[in-house]
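Working through the structure, step by step
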Amino acid sequence: QVMLVESGGGLVQPGGSLRLSCAASARAFSNYAMGWFRQAPGKEREFVAGIMWSAFYADFVEGRFTISRDNAKNTVYLDMNNLRSDDTAVYYCAASSVQSRERGNYHSWGQGTQVTVSS
C-alpha cells in the first residue's frame, strides 16, 4: 500500500489553470505507475491521465492536461489548462503496479481534491 495525499484543488474560472499535486509515501516510488482519476457528482470515477515511463491520457483531455512526476520528491503532478465547467469533479491520485487506464488495477488511492470550474 502507498499513502497518497493530493493538494492543489480549488475554484477556477473557465479557461483558467490549476496544478494538482500528489505526494506519495512509498519505497521505490519510481516503480509505481501513477494515475489521476476524477469523479463528478452522479457519475462514475473515470481515468484522466497516467504515467510510468511515459504519459497517457483520456481522450477528453484533448491536450489540455499534462501529467508529470518527480521521483526524487515522490510526487506526481497534473497541470490542467483551459479548464471547462465539465472538468468540475473530485480528482483522485492513485498508484498501480502496472500502467493502466482501468480503475481496478490501482491499489492505493488518495482522499481526493475538489476542482470547481465556474464563473
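Further up the page is the structure itself.
None of the values given here were measured: they were computed from a predicted structure.

1. Some points on the nonpolar core
Burial of nonpolar side chains together is a common tendency in soluble globular proteins. By size, the foremost hydrophobic cluster in this structure holds 35 residues, and its most contacted members are Met-34, Trp-36, Val-48, Leu-78, Met-80 and Tyr-91. If you list the elements that add at least two residues to this core, you get β3 (18-25), β4 (33-39), β5 (46-51), β7 (65-70), β8 (75-80), β9 (89-96) and β11 (113-117). Per-element tally for this core: the top contributor is β9, with five residues.

2. Some words on the packing of aromatic side chains
Under the counting rule described, the total for this entry stands at five aromatic pairs. Clustering of aromatic rings is evident, with ring pairs tying together Phe-37, Phe-47, Phe-56, Tyr-106 and Trp-109. A cation over an aromatic ring shows up here: Arg-19 above the ring of Tyr-77, its NZ or CZ 4.2 Å from the ring centre.

3. Here's the deal with the sheet that holds β8
Ordered in space as β1-β3-β8-β7, the four strands form an open sheet in which the pairing is antiparallel. Either end of the sheet is taken by a strand with one partner, and the two such strands are β1 (3-7) and β7. Neighbouring strand axes in the sheet, compared pairwise and without regard to direction, differ in orientation by 15 degrees on average. Of the strand pairs in this sheet, β1 and β3 are connected by five bridges, and their pairing is antiparallel. For Val-5, the partnering residue across the bridge sits in β3 and is Ala-23.

4. Things to note about the pattern of salt bridges
Inspection of the entire model under this criterion finds seven salt bridges. The partner of Glu-46 in a salt bridge is Arg-38, and the shortest N-O contact between them spans 2.8 Å. A single network of salt bridges, built from pairs that share partners, joins Arg-38, Glu-46, Arg-64 and Asp-87.

5. Topic: the environment of Val-90
Structurally, Val-90 is set in strand β9. Sequence separation between Val-90 and Lys-73 is 17 residues, and the spatial gap between their C-alpha atoms is 24 Å. Other than its neighbours up to four places away in sequence, Val-90 contacts Phe-37, Arg-38, Gln-39, Gly-112, Thr-113 and Gln-114.

6. Some words on the side chain of Arg-69
Along the chain, Arg-69 falls in strand β7. Within the buried core, Arg-69 has no salt-bridge partner, and the shortest N-O distance to an opposite charge, that of Asp-70, equals 8.4 Å. A polar contact is formed between the side chain of Arg-69 and the backbone oxygen of Tyr-32, at a distance of 2.8 Å.

7. So, the state of the cysteines
Under the defined criterion, the tally for this structure stands at one disulfide. Across the disulfide, Cys-22 is cross-linked to Cys-93 (sulfur-sulfur distance 2.1 Å). The disulfide joining Cys-22 to Cys-93 has a torsion of about -80 degrees about its S-S bond and is therefore left-handed. Note that Cys-22 is positioned in strand β3 and Cys-93 in strand β9, a separation of 71 residues in sequence.

The rules we used
- Residues numbered from 1 in each chain as written.
- Predicted model: local features only at pLDDT ≥ 70, side-chain atom pairs only at ≥ 80, totals over all residues.
- Heavy atoms only, no water.
- Core = buried A, V, L, I, M, F, W, Y, C linked by side-chain atoms within 4.5 Å.
- Buried < 20%, exposed > 50% of the residue type's maximum accessible area, 1.4 Å probe, protein only.
- Helix = DSSP H or I, 4+ residues; strand = E, 2+ residues; numbered from the N terminus.
- Phe/Tyr/Trp six-rings, centres within 6.5 Å; stacked < 30°, edge-to-face > 60°.
- Lys NZ or Arg CZ within 6 Å of the ring centre and 35° of its normal.
- Pairing = 2+ DSSP bridges.
- Axes fitted to C-alpha atoms, helices over the stretch in contact; angles between N-to-C directions.
- Salt bridge = Lys/Arg side-chain N within 4 Å of Asp/Glu carboxyl O.
- Contact = heavy atoms within 4.5 Å.
- Lys, Arg positive; Asp, Glu negative; His and termini not counted.
- Polar contact = N/O pair within 3.5 Å; in protein donor to acceptor, adjacent residues only side chain to side chain.
- Disulfide = S-S within 2.5 Å.

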